[in-house]
Amino acid sequence: KGLTLAAIAQIIAISRWAMDHNEFSIMTHALSGDTAALRLKPLDGLHLHSDDIQALEQLSGIKLPCISIAYSLKHEQERPLWEAFWPKCGAKAGFSYVTSLGNVQPADKLWLPNNVLPQVRSSKKEVDLPFGLGVLKHTAHVVV
């Protein structure tokens with residue numbers, strides 16, 4: 001069960017005041033979740049809902065925590081104002097990726113044909129990886 005309608009109305013009113021007065025730093029949380037069960041969550045973990053986020057959710061099957069549309073439900077024409085406001089408060093606008101190098105985990109094998117790692121190279125070969133990830137050696141499997 002989510003927040004009460006009265007609590008939601010108060011949160012939207014406070015958020016509206018902050019937006020109208022350019023008080024970005026006072027906003028630390030925002031409404032998130034299904035409109036039937038809204039909750040207050042930290043802004044630094046929330047995304048603006050966009051076509052890109054929706055496509056990523058469909059491809060991955062993972063639901064990303066997004067700021068609720070409740071803020072602009074009554075006044076749809078204000079949606080761009082809210083979309084400009086939330087990133088200034090610390091919400092994530094769009095998405096990015098971080099590259100890293102790691103050891104192969106059991107879950108990684110699920111993406112491979114027959115869930116089997118390929119053979120490692122028998123000849124000596126080292127390749128410099130981009131993004132400062134180091135050197136890819138022929139002696140072991142890694143996940144980028």
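Residues numbered from 1 in each chain as written. Predicted model: local features only at pLDDT ≥ 70, side-chain atom pairs only at ≥ 80, totals over all residues. Heavy atoms only, no water.

*Asks:* Hey, could you run me through the overall build of the protein chain in this one?
*Replies:* Tallying secondary structure elements over the protein chain gives 3 helices and 6 strands in all. For the protein chain, the succession of helices and strands along the chain, N to C, is α-β-β-α-α-β-β-β-β. For 144 residues, the compact-globule estimate of 2.2 N^0.38 gives 15 Å, and the protein chain exceeds it by more than 25% at 22 Å. Here the protein chain, with 144 residues, has 24% of them falling under the buried criterion. Taken as a whole, the protein chain presents about 10300 Å² of accessible surface, with 57% of it coming from carbon and sulfur. Averaging the positions of the 14 positive and the 13 negative side-chain charges in the protein chain gives two centres separated by 8 Å. (Helix = DSSP H or I, 4+ residues; strand = E, 2+ residues; numbered from the N terminus. Rg over C-alpha atoms; globule rule 2.2 N^0.38 Å. Buried < 20%, exposed > 50% of the residue type's maximum accessible area, 1.4 Å probe, protein only. Areas by Shrake-Rupley, 256 points an atom, 1.4 Å probe, with all protein chains shown as cover. Lys, Arg positive; Asp, Glu negative; His and termini not counted. Charge placed at Lys NZ, Arg CZ, Asp CG, Glu CD.)

*Asks:* How should the nonpolar core be read in this particular structure?
*Replies:* Nonpolar side chains in soluble globular proteins generally cluster together in the buried interior. Leu31, Leu43, Ile67, Tyr71, Phe85 and Trp86 are the most contacted members of the largest nonpolar core, which has 20 residues in total. For this core, the secondary-structure elements that each account for two or more residues are helix H1 (5–20), strand E1 (29–32) and helix H3 (79–89). With 5 residues, the top contributor of residues to this core is H1. (Core = buried A, V, L, I, M, F, W, Y, C linked by side-chain atoms within 4.5 Å.)

*Asks:* Looking at this model, I keep getting lost on the packing of aromatic side chains. Mind explaining?
*Replies:* Any pair of aromatic rings gets described here by the distance separating the centres and the angle formed by the planes. For the coordinates displayed, the defined rule picks out 6 aromatic pairs. Relative to Phe85, the ring of Phe24 lies with its centre 5.9 Å away and its plane at 45°, an arrangement referred to as tilted. Taken together, the residues span a long stretch of sequence, with Phe24 in the loop between H1 and E1 and Phe85 in helix H3 at a distance of 61 residues. Here Trp82 and Trp86 contribute two aromatic rings whose centre-to-centre distance is 5.7 Å and whose plane-to-plane angle is 20°, an arrangement assigned as stacked. Remark: Trp86 and Trp82 occur in helix H3; sequence separation between them is 4 residues, near one turn of the helix. (Phe/Tyr/Trp six-rings, centres within 6.5 Å; stacked < 30°, edge-to-face > 60°.)

*Asks:* Help me understand the side chain of His47, please; the structure alone is not making it clear to me.
*Replies:* Locating His47 in the fold gives a position in the loop between strand E2 (39–42) and helix H2 (51–60). Here His47 is in contact with Ile53, Leu64, Pro65, Cys66, Ile67, Lys92 and Gly94, once residues within four sequence places are set aside. (Contact = heavy atoms within 4.5 Å.)

*Asks:* Please explain the environment of Thr4 as it appears in this structure.
*Replies:* Inspection of the secondary structure puts Thr4 in the segment before H1. On the basis of relative accessible area, Thr4 is assigned to the partly exposed category, the value being 48%. Separated by 35 residues in the primary sequence, Thr4 and Arg39 place their C-alpha atoms 9.6 Å from one another.

*Asks:* Can you help me understand the pairing of E2 in this one?
*Replies:* Both faces of the sheet carry side chains from a regular strand, because those side chains alternate between them. Relative to E2, E1 runs antiparallel, the two being bridged by 4 bridges. Note that in E2 the partner of His29 across the bridge is Pro42. Between E1 and E2, which follow one another and run antiparallel, lie 6 residues, and Gly33 among them has a positive phi close to 105°. (Pairing = 2+ DSSP bridges.)

Everything listed is a geometric property; what it means functionally is a separate question.
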